Amino acid sequence: MDFQEVVQKVKEKSFEQGNLILNKNENINEIVKKENVPNKYGVYVIYSVKNGQKEVIYIGKSGTLCSNGFRKQGIKKRLTMKQRKMSRKEFFQKVISENDYDSLYFEWYVTYENGKGILPFLMESELLAAYFYTYRKLPKLNRCI
């Protein structure tokens, strides 16, 4: 399957989904709150937006599965916590400014809820594999799998 086909599969299988736009000088914490992003388990895709064109720059998951259950880190928390020892609001603004993007566009999908669905790490792996097979590289901000 190519990347867009897998994204469509995620859309069809998700319990809940949404998107948001982060513009220059906006605070991701405020946008996530305003858009009511849930703190549930799933995957998200971040796109850069420049001159009206979108490009995938990161594929991630929320909800790390441990032997005693999930870490309490849903999509909302994942988008607002620290990234590389920097707050996400600083990190995302740095990504926008250093690459001269107009904005970042986020899509999120709840894939696992109440013991049902697809585990986030499996869906993230499927998205990353499809991206790799389609484009022969990882998204810009995914350093490794």
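Above this text you will find the structure in question.
As the structure is a prediction and not an experimental result, all values here were calculated from the model.

Chemist: So what's going on with the state of the cysteines? Which residues, and what values?
Modeler: What the rule picks out here adds up to 0 disulfides. There is no disulfide at Cys144, and the cysteine sulfur nearest it, in Cys66, is 19 Å away. Take Cys144: its relative accessible area is 61%, and that puts it in the exposed class.

Chemist: How would you explain unusual backbone geometry if you had to name every residue and give the values?
Modeler: One non-glycine residue with positive phi stands out, namely Asn36, at about 55°. For Asn36, the location among the structural elements is in the loop between helix 2 (28-34) and strand 2 (41-50). For Asn36, a relative accessible area of 61% translates into the label exposed. Positive phi, normally seen in glycine, also occurs at Asp100, with a value near 55°. Residue placement: Asp100 occurs in the loop between helix 4 (88-98) and strand 8 (103-113).

Chemist: Run through the packing of aromatic side chains, naming residues and quoting values.
Modeler: Across all of its chains, the model carries 7 aromatic pairs by this definition. Here Tyr44 and Tyr58 contribute two aromatic rings whose centre-to-centre distance is 6.0 Å and whose plane-to-plane angle is 35°, an arrangement assigned as tilted. Highlighted residues: Tyr44 in strand 2 and Tyr58 in strand 3 (residues 53-62), separated in sequence by 14 residues. Each of the two residues, Tyr44 as well as Tyr58, counts as buried. By way of ring pairs, the aromatic residues Phe3, Tyr131 and Tyr135 are connected into one cluster. The ring of Tyr47 is capped by Lys54, whose NZ or CZ atom sits 4.8 Å from the centre of that ring.

Chemist: I'd like to hear about the side chain of Thr111, residue by residue, with values.
Modeler: Mapped onto the elements, Thr111 comes out in strand 8. The contacts of Thr111, once residues within four sequence positions are left out, are Val10, Phe15, Tyr41, Gly42, Val43, Lys116, Gly117, Ile118, Leu119, Pro120 and Met123.

Chemist: Provide a residue-level description of the environment of Tyr105, including the pertinent values.
Modeler: Considering the arrangement of structural elements, one finds Tyr105 in strand 8. Accessibility expressed as a relative area gives 15% for Tyr105, which makes it buried. Sequence spacing of Tyr105 and Val95 is 10 residues, and the spatial spacing of their C-alpha atoms is 12 Å. Ignoring sequence-local partners within four residues, the contact set of Tyr105 consists of Asn19, Leu20, Ile21, Val45, Ile46, Tyr47, Val49 and Lys54.

Quick notes on the rules
Sequence order as written defines the numbering, with residues in each chain counted from 1. Totals for whole chains, interfaces and linings use all residues, but because this is a predicted model, local features are given only for residues with pLDDT of at least 70 and pairs of side-chain atoms are given and counted only at 80 or more. Calculation of side-chain values draws on the structure's entire complement of heavy atoms; hydrogens and water are dropped beforehand. To count as a disulfide, a pair of cysteine sulfur atoms needs to be within 2.5 Å. Three exposure classes are used, based on accessible area relative to the maximum for each residue type with a 1.4 Å probe and protein chains only: buried under 20%, partly exposed in between, and exposed over 50%. Secondary structure is summarised from DSSP: a helix means a run of H or I of at least four residues, a strand means a run of E of at least two, and numbering begins at the N terminus for each. Note on aromatic contacts: the rings of Phe and Tyr and the six-membered ring of Trp form a pair at centre separations within 6.5 Å, being stacked when their planes are under 30 degrees apart, edge-to-face when over 60 apart, and tilted otherwise. Here, a charge over a ring means that NZ of Lys or CZ of Arg falls within 6 Å of the ring centre while also lying within 35 degrees of the ring normal. Two residues form a contact once any of their heavy atoms are found within 4.5 Å.

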